[in-house]
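Observations on the model geometry
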Amino acid sequence: WEFNGSFYQPSAFLMMGIPGLEALHPWISIPFCALYLTALLGNCVILFIVRKTPSLHEPMYYFLSMLAVTDLGLALCTLPTTLGLFWFDVRSIGFDACLAQMYFIHILSFIESSVLLAMAFDRFIAISHPLRHPAILTKTTVLKIGLAIVLRGMVSLLPIPFLLKRLTYCGRTELSHSFCFHPDIMNLACADIKVNVFYGMIILLSTVGMDFIFIVLSYVLIIRTVVSLTTKEECLKALNTCVSHICAVLVFFIPMIGLSMIHRFGKNVPPLVNTLVAYTYLIIPPALNPVIYSIKSTHIREALLRALCRKRG
């Protein structure tokens, strides 16, 4: 412990694995390794395919590349501490290291939310204004959107580590997960955390909350456009281009909303449920997104098959 008058700050936090199943951690690590491997390889393949295939150099696949980079970052943020705990029972994480991990996890989560919104906007323009799509979403515009997304996440979350740093901690140092999460750290403090709660809620609602609302609005407008199409084949073709994105949105937002609600209002929720929702939120989307897009996107699938055939040849 570091002591400075009445100010206490732990030198480290203790991470937790899956409650009640500590003896099975080596076995539980097997599916986690599979998910991490899928996330790392799958997203790297997506990036490689988009980069090497000129026909995929268009806004939809630029945004998909941003999503893949974000998913890689999320996987790499939690992989060392999660597998370190499951394999070697390394539970301790330094206070500053924990704040750094928490900052990057939340930044990447906010970036993923914004990228999903950008992809929804791309689908709306492509379906509602197909002739104007290339003129609206140029390479320069896509780059500006990407930079704005990154800056938005970095700036909006910058105060969070400093707000946690100013708190006094005492007693408990056990985190609920094998990674650092803002509400989890905040609830270990024995000081007034009203500012942290208020700021965290405002930022969450004004970023991820607004992203979700605009994604829903985009699909309302897309459905209006699709309904106005003359033939059933055109309707199905237009909707089929959105299936992968809708799956990615559901896979990301449902666990995120669930975890946020549990940390803020779920005092009586069993620890096992809290842990499973947290792992679902941070590990499942990075692993599933490349699989979803590889299966549902004909262009990605064909480019992947061509790359494999060239290697065999």
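Note that this is a predicted model, so its numbers are computed, not measured.

1. Considerations on the side chain of Thr-81
- Within the element layout of this structure, Thr-81 appears in helix H2 (residues 59-88).
- Engagement of the side chain of Thr-81 in a polar contact is seen with the backbone oxygen of Ser-178, the distance being 2.7 Å.
- Apart from residues lying up to four places away in sequence, Thr-81 is in contact with Met-15, Ile-93, Gln-101, Ser-178 and Phe-179.

2. Some details on the UniProt feature "transmembrane region" (unreviewed entry) in the protein chain
- According to UniProt, the positions carrying the feature "transmembrane region" (unreviewed entry) are residues 24-50, 62-88, 100-121, 142-164, 197-222, 243-264 and 276-295.
- Between the end C-alpha atoms of residues 62-88 there is a gap of 39 Å, over a span that is 100% helix and 0% strand.
- The distance from the first to the last C-alpha atom of residues 100-121 is 32 Å, and the span holds 100% helix and 0% strand.

3. Section: the environment of Leu-163
- Mapped onto the fold, Leu-163 is located in helix H6 (residues 159-165).
- C-alpha of Leu-163 to C-alpha of Met-186: the two residues are 23 residues apart in sequence and 9.2 Å apart in space.
- With residues up to four places along the chain from it excluded, the contact list for Leu-163 reads Val-195, Asn-196 and Tyr-199.

4. Observations concerning a nonpolar patch on the surface
- A cluster of nonpolar side chains, Met-210, Phe-212, Ile-213, Phe-214, Val-216, Leu-217 and Val-220, forms an exposed patch at the surface whose accessible area comes to about 570 Å².
- By secondary structure assignment, the location of Leu-217 is in helix H8 (residues 194-227).
- Residue classification places Leu-217 among the partly exposed positions, given a relative accessible area of 42%.

5. Here's the deal with H8
- With 34 residues, H8 extends 47 Å between its outermost C-alpha atoms, agreeing within 8% with the 50 Å of an ideal straight helix rising 1.5 Å per residue.
- Taken as a whole, H8 carries its principal kink of about 30° at Leu-205.

6. A few points about the confidence of the model for the protein chain
- Mean pLDDT over the protein chain: 90, with 97% of residues reaching 70 or higher.
- Looking across the protein chain, the model is least confident in strand E1 (residues 2-4), with a mean pLDDT of 47, and most confident in helix H5 (residues 139-157), with 96.

7. Considering the state of the cysteines
- What the rule picks out here adds up to two disulfides.
- Covalent S-S linkage joins Cys-98 and Cys-180, the inter-sulfur distance amounting to 1.9 Å. Here the disulfide of Cys-98 and Cys-180 is left-handed, its torsion about the S-S bond being about -125°. Note that Cys-98 is positioned in helix H3 (residues 95-128) and Cys-180 in the loop between H6 and helix H7 (182-186), a separation of 82 residues in sequence. Note on accessibility: Cys-98 and Cys-180 belong to one class, buried.
- Each sulfur in the disulfide pair Cys-170 and Cys-190 lies 2.2 Å from the other. Of this pair, Cys-170 sits in the loop between H6 and H7 while Cys-190 is found in the loop between H7 and H8, placing the two residues 20 residues apart along the sequence.
- For the protein chain, the disulfide bridges join cysteines in the arrangement 1-3, 2-4, where the cysteines are counted in sequence order.
- Looking at Cys-44, it has no disulfide partner, and the nearest cysteine sulfur is the one in Cys-77, 15 Å off.

8. Some points on the nonpolar core
- Counting residues in each nonpolar core, the largest one holds 87 residues, and the members touching the most others are Phe-13, Phe-32, Leu-116, Leu-164, Tyr-169, Leu-175 and Ile-185.
- At 18 residues, the largest contribution of residues to this core is made by H3.
- Sequence-distant contacts of Leu-164, defined by excluding residues within four places in its chain, comprise Phe-95, Leu-99, Met-102, Tyr-169, His-182, Ile-185, Met-186 and Asn-196.

9. What about unusual backbone geometry?
- For Asp-89, which is not a glycine, the phi torsion comes out positive at approximately 55°.
- Position of Asp-89 relative to the elements: it lies in the loop between H2 and strand E4 (92-94).

10. Focus on the pattern of salt bridges
- All told, the structure shown has three salt bridges when counted by the stated rule.
- Residue Lys-165 pairs with Asp-96 through a salt bridge whose shortest N-O separation is 2.4 Å. With Lys-165 in helix H6 and Asp-96 in helix H3, the pair connects residues that are 69 residues apart, well separated along the chain.
- Judged by its relative accessible area of 32%, Lys-165 is partly exposed.

11. Concerning the packing of helix H1 (residues 25-52) against helix H11 (residues 271-296)
- Closest axis-to-axis distance for the H1/H11 pair is 8 Å, and the angle between their directions is 45°. Between H1 and H11, the angle falls in the class oblique. At the point where H1 passes H11, the crossing takes the left-handed sense. Here H1 contributes Phe-32, Leu-35, Tyr-36, Thr-38, Ala-39, Gly-42, Asn-43 and Ile-46 to the contact with H11, which in turn contributes Tyr-279, Ile-283, Ile-284, Pro-286, Ala-287, Pro-290, Val-291 and Ser-294.

The rules behind the values
- Residues numbered from 1 in each chain as written.
- Predicted model: local features only at pLDDT ≥ 70, side-chain atom pairs only at ≥ 80, totals over all residues.
- Heavy atoms only, no water.
- Helix = DSSP H or I, 4+ residues; strand = E, 2+ residues; numbered from the N terminus.
- Polar contact = N/O pair within 3.5 Å; in protein donor to acceptor, adjacent residues only side chain to side chain.
- Contact = heavy atoms within 4.5 Å.
- UniProt positions renumbered as here; feature names shortened; annotations may be inferred.
- Patch = residues over 30% accessible without salt bridge, like charges linked within 9 Å, V, L, I, M, F, W, Y side chains within 5 Å.
- Areas by Shrake-Rupley, 256 points an atom, 1.4 Å probe, with all protein chains shown as cover.
- Salt bridge = Lys/Arg side-chain N within 4 Å of Asp/Glu carboxyl O.
- Buried < 20%, exposed > 50% of the residue type's maximum accessible area, 1.4 Å probe, protein only.
- Expected span 1.5 Å × (residues − 1).
- Bend = angle between axes of the 7 residues up to and from the residue.
- pLDDT = per-residue confidence, 0-100.
- Disulfide = S-S within 2.5 Å.
- Core = buried A, V, L, I, M, F, W, Y, C linked by side-chain atoms within 4.5 Å.
- Axes fitted to C-alpha atoms, helices over the stretch in contact; angles between N-to-C directions.
- Parallel < 35°, antiparallel > 145°, perpendicular 65-115°, else oblique.
- Left-handed = near helix turned anticlockwise from the far one by under 90°.

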